[in-house]
Amino acid sequence: ATVARISIRDLMEIYRIHQDLEGLATYLATGRFTKKQVVELGKIHKASENHARDDVAGWQKWNARFHRALIDNCGNQQLISRYEGYGFFRGHIKCR
C-alpha cells in the first residue's frame with residue numbers, strides 16, 4: 001500500500017473540517033433520534049467509557065460506532081458523502 005505524505009498543516013485543516021462536519025451532523029441528528037435510538041447511543045457511550053482506560057482498540061471501536069450513529073442520522077446525504085469522502089470511517093491516521 002502506498003502512503004501519502006501529509007503535512008501537519010494539512011492534517012490540522014482536515015481535522016478542522018472533520019470537527020465542523022461532525023458538529024453539524026450532531027446538530028441535525030439530535031432532532032431526528034427516536035427514544036430507542038437515544039437509549040442505544042447511551043449504551044454505546046457507556047461501552048466506550050468502559051474501554052477508555054485500558055483498551056484503546058476497544059474504545060476506538062465503540063467511539064467510531066457512536067460517531068457513525070450521529071452521521072448516519074443527520075438526514076443530510078451531502079454531509080454524509082463529504083464526511084465519508086475524507087475517509088474518516090476508514091481508519092485513523094498514524095504518525096511516526
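Read on for an overview of the structure.

Relative orientation of the contacting elements helix α1 (residues 8-30) and helix α4 (residues 77-85) amounts to 150°, with a least axis distance of 10 Å. By the angle class used here, α1 and α4 are roughly antiparallel. In the packing of α1 onto α4, the handedness of the crossing is left-handed. On α4, the residues touching His-18, Leu-21, Glu-22, Leu-24, Ala-25 and Leu-28 of α1 are Leu-79, Arg-82 and Tyr-83. Here the contact of α1 with α4 is composed, by residue class, of six nonpolar, one polar and two charged.

Side chains three or four residues apart in an α-helix point the same way, a direct result of the helix having 3.6 residues per turn. For helix α3 (residues 56-72), with 17 residues, the first-to-last C-alpha span of 24 Å sits near the 24 Å given by 1.5 Å per residue. The set of residues buried in α3 consists of Gly-58, Trp-62, Ala-69, Leu-70 and Ile-71. If you follow the buried residues of α3, they end up packed against α1, α2 (35-52) and α4.

Attention now moves to the environment of Arg-82. Checked against the element boundaries, Arg-82 lands in helix α4. In this structure, the C-alpha to C-alpha distance between Arg-82 and Leu-21, residues 61 residues apart in sequence, is 8.4 Å. Separated by 2.6 Å, the side chains of Arg-82 and Gln-78 make a polar contact.

Considering the arrangement of structural elements, one finds Arg-32 in the loop between α1 and α2. Measuring from C-alpha to C-alpha, the distance between Arg-32 and Leu-70 comes to 10.0 Å, with 38 residues separating the pair along the chain. When residues no more than four places from it in sequence are discounted, the contact partners of Arg-32 are Gln-37, Asn-73, Cys-74 and Gly-75. Within polar-contact distance, the side chain of Arg-32 engages the backbone oxygen of Asn-73 at 2.9 Å.

Further remarks concern the pattern of salt bridges. Considering all chains together, one arrives at five salt bridges under this definition. Residues Glu-13 and Arg-9 are paired through a salt bridge, measuring 3.0 Å at the closest nitrogen-oxygen approach. In this pair, Glu-13 and Arg-9 are both assigned in helix α1, four residues apart and thus about one turn of the helix distant. Residues Arg-68 and Asp-72 are paired through a salt bridge, measuring 2.8 Å at the closest nitrogen-oxygen approach. Here Arg-68 and its partner Asp-72 are both found in helix α3, four residues apart, which amounts to about one turn of the helix. A relative accessible area of 42% places Asp-72 in the partly exposed class.

What counts, and where the lines are drawn
- Residues numbered from 1 in each chain as written.
- Predicted model: local features only at pLDDT ≥ 70, side-chain atom pairs only at ≥ 80, totals over all residues.
- Heavy atoms only, no water.
- Axes fitted to C-alpha atoms, helices over the stretch in contact; angles between N-to-C directions.
- Helix = DSSP H or I, 4+ residues; strand = E, 2+ residues; numbered from the N terminus.
- Parallel < 35°, antiparallel > 145°, perpendicular 65-115°, else oblique.
- Left-handed = near helix turned anticlockwise from the far one by under 90°.
- Contact = heavy atoms within 4.5 Å.
- Nonpolar A, V, L, I, M, F, W, Y, C, P; charged D, E, K, R; others polar.
- Expected span 1.5 Å × (residues − 1).
- Buried < 20%, exposed > 50% of the residue type's maximum accessible area, 1.4 Å probe, protein only.
- Polar contact = N/O pair within 3.5 Å; in protein donor to acceptor, adjacent residues only side chain to side chain.
- Salt bridge = Lys/Arg side-chain N within 4 Å of Asp/Glu carboxyl O.

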